[in-house]
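Analysis of the macromolecular model
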Amino acid sequence: MSELTAPGASAMPPGLHAELRALIAASRQRLAGAVNAELTRLYWTVGQRLATDVLGGERARYGSQAVDQLGQQLAQEFGRGFEARNLRRMAKFAQAFPDAAIVSTLSTQLSWSHFVAIVALKAPEARTYYAQRAAQDRWSVRELGQQIERKAYERTAIASAQAPALHTTTDAGNATPAQVFKDPYFLDFLGLRQGHDEADLESAILRQLEAFILELGRGFAFVERQKRMVIDGEDFYLDLLFFHRRLRRLVAIELKLGRFKAAHKGQMELYLKWLDKHERQAGEAAPIGLILCAEASREQVELLQAHEDGITVAEYWTELPPKAELEAQLHTALIEARERLARRGLLLEGDGDE
């Protein structure tokens, strides 16, 4: 004979509330995602129609007035989201992303607020970069804004120009080593004072490890500080060792206070070969290195071709200049990096002609 349930006792199976709550939350999240995707595709379609039939070609002279009129009518019927200002955003959206298939894919990963921030950028390459990275790394709108503000595209492009040999896709999917490094790195959050040494820099990074990893980018996982390596009975110490999840490889980081020196490359090569021999696990790609210096010595880096050995050299800045100066410095650095890359390509073509 089964026992009777005691008065006041719950007959609900254990865990049922939590299970149903999770089901409802997941369903609402999928529904919100589907609604967002449909709205984004709608905005693109509206924008394409406006850009083609109202704002394009000879109609452009009168198109602005037509958009104002349409905005008044649509806003009355469907709300402020279709005011003239937003209609113009939709047209810019369609012009910035003309491929409907790409928009359809991105609309399942990015919100309309993401696209508004991205479309405001002038350079097509920057728009493509931020759209791909925001979707790939699941950036919130706030995080996307921070990445744009801190010039993630320009800094990644500068580092990528240094290492064309690392552009090939790895077995880890779409991520490549060239995409995970920046130049320079902004370490203003460390709060370092004048006269700090390498130990102060390393200690500050470890105190602010979360912020440092955010500056490095998604995918980095901290492994060890002062990694000890015994070679010929002598102790060597690597400053910081990370693992990159998407690249599936170890990333060795060395911190240097002054300018980059040729000897730094030889030191990093030794560390990478040791890690490859003693720490690399089955299924992992070969370790790569990042040398962070106060000044990068661009010509030495170019002559040494450190990228061919899986090494990237980048500057770190512990203080940031005013915004206008920062933009000008990065713009100049990006132009110089592209010139060096073009020059290297010409040299390679010349070698092949001989």
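Here is what the cut-offs are and how they apply
- Residues numbered from 1 in each chain as written.
- Predicted model: local features only at pLDDT ≥ 70, side-chain atom pairs only at ≥ 80, totals over all residues.
- Heavy atoms only, no water.
- Pairing = 2+ DSSP bridges.
- Helix = DSSP H or I, 4+ residues; strand = E, 2+ residues; numbered from the N terminus.
- Contact = heavy atoms within 4.5 Å.
- Axes fitted to C-alpha atoms, helices over the stretch in contact; angles between N-to-C directions.
- Salt bridge = Lys/Arg side-chain N within 4 Å of Asp/Glu carboxyl O.
- Buried < 20%, exposed > 50% of the residue type's maximum accessible area, 1.4 Å probe, protein only.
- Patch = residues over 30% accessible without salt bridge, like charges linked within 9 Å, V, L, I, M, F, W, Y side chains within 5 Å.
- Areas by Shrake-Rupley, 256 points an atom, 1.4 Å probe, with all protein chains shown as cover.
- Phe/Tyr/Trp six-rings, centres within 6.5 Å; stacked < 30°, edge-to-face > 60°.
- Lys NZ or Arg CZ within 6 Å of the ring centre and 35° of its normal.
- Right-handed = clockwise from strand over helix to strand, strands pointing away.
- Expected span 1.5 Å × (residues − 1).
- pLDDT = per-residue confidence, 0-100.

1. A word on the sheet that holds strand S3 (residues 234-244)
What the six strands build is an open sheet, ordered S1-S6-S5-S4-S3-S2; its pairing is mixed. The strands lining the two open edges of the sheet, one partner per strand, are strand S1 (185-186) and strand S2 (220-231). Of the pairings in the sheet, the one linking strand S4 (residues 249-259) to strand S5 (residues 288-295) comprises seven bridges and is parallel in character. Each residue of the ladder has a partner; that of Leu-255, found in S5, is Leu-292. The strands that helix H10 (residues 198-207) touches are S2, S3, S4 and strand S6 (311-317); relative to S4, the one it contacts most, it runs at about 135°.

2. Topic: the pattern of salt bridges
Here the idea is simple: oppositely charged side chains can pair when their charged atoms come close. Overall, the coordinates contain 22 salt bridges when judged by the stated rule. Here Glu-215 ties to Arg-150 by a salt bridge, and the two come within 3.8 Å at their closest N and O atoms. Of this pair, Glu-215 sits in helix H11 (residues 209-216) while Arg-150 sits in the loop between helix H7 (141-149) and helix H8 (152-162); the two residues are 65 residues apart in sequence, bridging distant segments of the chain. Classification of Arg-150 by relative accessible area gives partly exposed; the value is 24%. For the salt bridge of Arg-280 with Asp-276, the shortest nitrogen-to-oxygen distance reads 2.7 Å. Each of Arg-150, Arg-155, Asp-188 and Glu-215 takes part in one network of salt bridges that share partners.

3. Considering a nonpolar patch on the surface
Among the surface-exposed residues, Leu-31, Val-35, Leu-39 and Leu-42 lie close enough to one another that they form a single nonpolar patch of about 330 Å² accessible area. Relative to the assigned elements, Val-35 resides in helix H1 (residues 16-53).

4. What to know about the side chain of Lys-256
Positionally, Lys-256 belongs in strand S4. Among the residues examined, Lys-256 registers a relative accessible area of 10% and is labelled buried. Those residues in contact with Lys-256 that sit more than four places away from it in its chain are Glu-198, His-264, Gln-267, Ile-291, Leu-292, Cys-293, Ala-294 and Tyr-316.

5. A few points about the environment of Arg-80
With respect to the helices, strands and loops of the structure, Arg-80 is situated in the loop between helix H2 (60-78) and helix H3 (84-96). Every residue in contact with Arg-80, bar those within four places of it in the chain, is listed here: Ala-75 and Asn-86.

6. A few points about the packing of aromatic side chains
Here the structure, examined in full by the defined rule, presents 13 aromatic pairs. Centroid distance Phe-93 to Phe-115: 4.7 Å. Interplanar angle 45°. Geometry classified as tilted. Of this pair, Phe-93 sits in helix H3 while Phe-115 sits in helix H5 (residues 112-119), placing them 22 residues apart in sequence. The pair Phe-93 / Phe-115 is uniform in exposure class, with both members buried. Summarising the aromatic geometry, the rings of Phe-220 and Phe-242 are spaced 6.2 Å apart at their centres and angled 85° between planes, so their arrangement reads as edge-to-face. Note that Phe-220 is positioned in strand S2 and Phe-242 in strand S3, a separation of 22 residues in sequence. Using a relative accessible area of 7% as the deciding quantity, one classes Phe-220 as buried. Among the residues examined, Phe-242 registers a relative accessible area of 0% and is labelled buried. Cluster of aromatic residues (ring-pair linked, three or more members): Tyr-43, Phe-78, Phe-82, Phe-93, Phe-97, Trp-112 and Phe-115. Lying over the aromatic face of Phe-186, Arg-155 brings its terminal NZ or CZ to 3.9 Å of the ring centre.

7. Focus on the pairing of S4
Of all eleven residues that make up S4, eight are buried, and the element is covered over most of its length. Here S3 runs beside S4; their pairing, made up of five bridges, is antiparallel. Paired with Phe-242 across the two strands is Val-251, which belongs to S4. This β-α-β element, S4 to helix H12 (residues 262-278) to S5, shows right-handed connectivity.

8. Details of helix H6 (residues 124-137)
Along an α-helix, residues three or four positions apart point the same way, because every turn accommodates 3.6 residues. In this model H6 runs 20 Å from its N-terminal to its C-terminal C-alpha over 14 residues, within 8% of the 20 Å that 1.5 Å per residue would give. Looking only at H6, the buried set comprises Ala-126, Arg-127, Tyr-129, Tyr-130, Ala-131, Arg-133, Ala-134, Ala-135 and Asp-137. Positive backbone phi, approximately 55°, marks Arg-138, located one or two places after H6.

9. Here we look at the confidence of the model for the chain
Averaged over every residue, the pLDDT of the chain is 85; the share at 70 or more is 87%. Segment residues 165-173 is flagged for pLDDT under 50; beyond a separation of four residues in sequence, or across chains, it makes 22 contacts in the model. The model gives residues 347-354 a pLDDT under 50, and that stretch makes zero contacts with residues more than four places away or in other chains.

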